[in-house]
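Read off the chains here:
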Amino acid sequence: MSAWESLIERMREIQTLHQVAGLLEWDQQTFMPSGGSVIRGQHTALMSALSHQRLVAPEVGEWLDTLGASDDLDGVQQAAVRNISRR
């Protein structure tokens, strides 16, 4: 798998974790039973930690370095690499 494909797959995983966190938040605001806030806080914290760990993993930096030095990316891919690097 290329650096680009690996990076995009990782970003999809991170987006999925954000979506799960969004569902947890929605549930908290709409249907969560009373008394569920402690465990929901733990759920939300875990989603946040997993997302952060996946983003700051050493391999992500390596992929970004490889892609930043590449002349094979189109304009959209270059912009994506810049945006991900900022995150």
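Whatever comes next refers back to the structure up there.
Along each chain, numbering runs from 1 in the same order as the chain's sequence is written. Thresholds applied to this predicted model are a pLDDT of at least 70 for local features of residues and 80 or more for the giving and counting of side-chain atom pairs; totals over whole chains, interfaces and linings are not thresholded and use all residues. Hydrogens and water are ignored here; the side-chain numbers use all heavy atoms of the structure.

(A) Focus on the side chain of S51. Of note, S51 is situated in helix α2 (residues 37-55). Relative accessibility under 20% of the residue-type maximum defines a buried residue, over 50% an exposed one, and the middle range a partly exposed one, all with a 1.4 Å probe and only protein chains included. We classify S51 as buried; its relative accessible area is 9%. Sequence-distant contacts of S51, that is, excluding residues within four places in its chain, are made with I14, L17 and H18. Only runs of H or I of at least four residues qualify as helices and only runs of E of at least two qualify as strands under DSSP, and these elements are numbered from the N terminus. Contacts were defined at the residue level, with two residues in contact if any of their heavy atoms lie within 4.5 Å.

(B) Local environment of the pattern of salt bridges. The working definition used for a salt bridge is a side-chain nitrogen of Lys or Arg within 4 Å of a carboxyl oxygen of Asp or Glu. Within this structure, the stated rule accounts for 4 salt bridges. Residue E13 is joined to R10 by a salt bridge in which the shortest nitrogen-to-oxygen separation is 3.7 Å. Separated by 3 residues within a single helix, E13 and R10 lie in helix α1 (residues 3-30), roughly one turn from each other. On the basis of relative accessible area, E13 is assigned to the partly exposed category, the value being 31%. Given the relative accessible area of 13%, R10 is considered buried. We note a salt bridge from E59 to R10, for which the minimum N-O separation is 2.9 Å. Pair noted here: E59 is in helix α3 (residues 58-68) and R10 is in helix α1, with a separation of 49 residues, a long-range link. One salt-bridge network, held together by shared partners, links R10, E13, R54 and E59.

(C) Looking closely at helix α4 (residues 75-86). To estimate the expected span of a helix, subtract one from its residue number and multiply by 1.5 Å. Helix length check: α4, at 12 residues, gives a terminal C-alpha distance of 17 Å against a target of 16 Å (1.5 Å per residue), a fit within 8%. Along α4, the residues classified as buried are Q77, V81 and I84. Summarising the axial view, the buried residues of α4 lie within an arc of 70 degrees, below the 170-degree limit, and thus occupy one face. In α4, the exposed residues that point more than 90 degrees away from the buried face are V76 and R86. Those residues of α4 that are buried are in contact with α1 and α3. The backbone nitrogen of V76 has a side-chain oxygen 3.0 Å away, supplied by the residue at the start of α4, namely D74. It is the directions from the helix axis to the C-beta atoms whose arc is reported. Polar contacts, as used here, are pairs of N or O atoms within 3.5 Å; protein pairs need one atom able to donate a hydrogen and one able to accept it. Residues neighboring in sequence count only if both atoms are side-chain atoms.

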